[in-house]
Amino acid sequence: MDGMRNGGDARDRDEEGRARSARPRDGLGRPLPYGAAGVERQPEGVVRRPRESVAEAQALLDAGKPFHAHEVFEDAWKSGPEAERALWRGLAQLAVGLTHAARGNLTGGPRLLRRGAASVEEWAGGSGRWDPYGMDLAALAGWARRLAGEVEESGTAVDARASAPRLR
């Protein structure tokens, strides 16, 4: 991405001319003012092996960057085999649910956490695979539901790093 703004069109554009914000982002993916020091963004459209996706997402979750982990899962969802797309979409929902819970979205965070939990459980039930690529999907779904309940009960944002799940 060139990060330059077009004269007649105030939107930022990537190399292919698609609208994409060049504003820096914080660790939770929130846009910062132009010129501010932000967190390096995940490149889009990266094709990784499934275990690499899991390892990279875990490192980002451990660093308190669930928004960026969501982008890794989204790449796997878009580039992986059709039979696994629902799995990766569910994992992306879990990561973005944590993102919203950490941003203080006390309604959307729990909703996305529960939706992601249901998605990974549905995929596991349909595929018969509860431990793809070393992940424990039952434990992840349990983590998501517990965190959703904690957010609703406390009425406060969570610490993304302290609340991050163990994928494996």
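The model shown is predicted, which means the values in this text are computed figures rather than measured ones.

## Details of the overall build of the chain
Here comes step 1: Scanning the chain for helices and strands turns up six helices and zero strands.
Here comes step 2: Along its sequence from the N terminus, the chain presents helices and strands in the succession α-α-α-α-α-α.
Here comes step 3: Taking contacts inside the chain between residues at least 6 apart in sequence as the whole, the part at least 24 apart equals 56%.
Here comes step 4: Counting only carbon and sulfur atoms, one obtains 49% of the accessible surface of the chain, whose full area is about 8,600 Å².

## Topic: the pattern of salt bridges
Side chains carrying opposite charge are able to pair once their charged atoms draw close together.
Here comes step 1: Taken as a whole and assessed by the stated rule, the structure comprises nine salt bridges.
Here comes step 2: Arg 85 is the partner of Glu 82 in a salt bridge, and the nearest nitrogen-oxygen pair spans 3.3 Å.
Here comes step 3: Residue Glu 82 is classed as exposed on the basis of its relative accessible area, which comes to 60%.
Here comes step 4: Across the salt bridge formed by Glu 84 and Arg 129, the nearest N and O atoms sit 3.4 Å from each other. Highlighted residues: Glu 84 in the loop between helix H2 (66-79) and helix H3 (85-103) and Arg 129 in the loop between helix H4 (108-127) and helix H5 (137-154), separated in sequence by 45 residues.
Here comes step 5: Classification of Glu 84 as buried rests on a relative accessible area of 7%.
Here comes step 6: Each of Arg 48, Glu 56 and Asp 75 takes part in salt bridges that share partners, so that together they form one network.

## Examining helix H1 (residues 50-62)
Here comes step 1: With 13 residues, H1 ought to run about 18 Å at 1.5 Å a step, and its terminal C-alpha atoms sit 18 Å apart, in line with that.
Here comes step 2: Within the span of H1, buried status applies to Ser 53, Val 54, Ala 57, Gln 58, Leu 60 and Leu 61. Seen end-on, H1 carries its buried residues on one side only, within an arc spanning 165°.
Here comes step 3: Where H1 is buried, its residues contact H2, H3 and helix H6 (160-163).
Here comes step 4: Immediately beyond the C-terminal end of H1, within one or two residues, lies Gly 64, with a positive phi of roughly 80°.

## Points about the nonpolar core
Here comes step 1: Ranked by size, the top nonpolar core spans 37 residues in total, and within it Phe 73, Leu 87, Trp 88, Leu 91, Met 135, Leu 137 and Leu 167 carry the most contacts.
Here comes step 2: Looking at this core, the elements with two or more residues in it are H1, H2, H3, H4 and H5.
Here comes step 3: Top contributing element to this core by residue count: H3, with nine residues.
Here comes step 4: Once residues within four sequence positions are removed from consideration, Phe 73 is found in contact with Ala 57, Trp 88, Leu 91, Ala 92, Ala 95 and Leu 167.

## As for H3
Here comes step 1: For H3, spanning 19 residues, the distance from its first C-alpha to its last is 27 Å, which sits close to the expected 27 Å at 1.5 Å a residue.
Here comes step 2: With 14 of its 19 residues buried, H3 lies for the most part within the structure.
Here comes step 3: Looking one or two places after H3, you find Gly 104, whose phi comes out positive at around 95°.

Definitions and cut-offs
- Residues numbered from 1 in each chain as written.
- Predicted model: local features only at pLDDT ≥ 70, side-chain atom pairs only at ≥ 80, totals over all residues.
- Heavy atoms only, no water.
- Helix = DSSP H or I, 4+ residues; strand = E, 2+ residues; numbered from the N terminus.
- Contact = heavy atoms within 4.5 Å.
- Areas by Shrake-Rupley, 256 points an atom, 1.4 Å probe, with all protein chains shown as cover.
- Salt bridge = Lys/Arg side-chain N within 4 Å of Asp/Glu carboxyl O.
- Buried < 20%, exposed > 50% of the residue type's maximum accessible area, 1.4 Å probe, protein only.
- Expected span 1.5 Å × (residues − 1).
- Arc of directions from axis to C-beta.
- Core = buried A, V, L, I, M, F, W, Y, C linked by side-chain atoms within 4.5 Å.

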